[in-house]
Amino acid sequence: QVQLVESGGGLVQTGGSLRLSCAASVSRPTMAWFRQAPGKEREFVAGITGSFGKAYADAVKGRFTISRDNTKNTVDLQMNSLKPEDTAVYYCATSSISAVVPGRPRNYDYWGQGTQVTVSS
């Protein structure tokens with residue numbers, strides 16, 4: 001069983017920044033961030049493989065940066081130029097797929113508890 005613990009959510013104004021962190025109990029091939037806003041489906045935000053291949057959703061390209069530390073089994077999401085539409089619960093997730101970053105939730109087998117990000121206008 002893999003445990004994921006997220007931190008770093010909060011309330012920020014439009015244009016502000018937040019950094020999310022996720023710590024995994026064991027090493028996993030791919031780590032990613034998803035988000036889910038009220039009344040919407042969970043959507044892919046960004047992911048990173050063990051060899052540091054990265055993928056981003058179009059909505060966050062150029063504003064968010066994902067990184068990982070393989071020595072600590074952690075993945076971070078630096079979020080800049082935040083917009084009200086970024087408001088959601090953000091979830092850390094891991095996948096056993098290693099070659100590419102999967103974009104669908106069904107390809108991820110472990111999930112964190114979620115952390116709320118609220119961007120005020």
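It should be noted that the structure appears before, not after, this text.
Positions within a chain are numbered from 1, following the residues in the order the chain's sequence is written. Only residues with pLDDT of at least 70 get local features here, since the model is predicted, and only at 80 or more are side-chain atom pairs given and counted; chain-wide, interface and lining totals rely on the full set of residues. The side-chain numbers reported here are obtained from all heavy atoms of the structure, hydrogens and water having been left aside.

## Thoughts on the nonpolar core
Basically, it comes down to this: In these notes, a set of buried Ala, Val, Leu, Ile, Met, Phe, Trp, Tyr and Cys residues joined through side-chain atoms within 4.5 Å is what counts as a nonpolar core. Each residue's exposure class comes from its accessible area (1.4 Å probe, protein chains only) as a fraction of the maximum for that residue type: buried when under 20%, exposed when over 50%, partly exposed otherwise. Comment: elements are numbered from the N terminus, with helices defined as DSSP H or I runs of at least four residues and strands as E runs of at least two. Residues count as neighbours in contact if any of their non-hydrogen atoms are within 4.5 Å of one another.
Core analysis: the biggest nonpolar cluster contains 31 residues, and Trp33, Val45, Phe64, Val75, Leu77, Met79 and Tyr90 have the highest contact counts within it. Counting residues per element, the ones that place at least two in this core are strand 3 (18–24), strand 4 (30–36), strand 5 (43–49), strand 7 (64–69), strand 8 (74–79), strand 9 (88–95) and strand 11 (115–120). If sequence neighbours within four positions are ignored, Val45 has contacts with Trp33, Phe34, Arg35, Ala55, Tyr56, Ala57, Val60, Phe64, Leu77 and Tyr90.

## Topic: the sheet that holds strand 3
Convention followed: Should DSSP find at least two bridges between two strands, the strands are regarded as paired. Lines fitted to C-alpha atoms define the axes here, with helix axes fitted over just the stretch in contact, and angles between the N-to-C directions of these axes take values from 0 to 180 degrees.
Across the sheet, which stays open at both edges, the 4 strands sit in the order 1-3-8-7 with antiparallel pairing between neighbours. The two strands at the open ends of the sheet, each matched to only one other strand, are strand 1 (4–7) and strand 7. Taken over all neighbouring pairs, the strand axes of this sheet differ in orientation by 15° on average, direction set aside. Here strand 1 pairs with strand 3 via 4 bridges, running antiparallel. Bridge pairing links Ser7 to Ser21 in strand 3.

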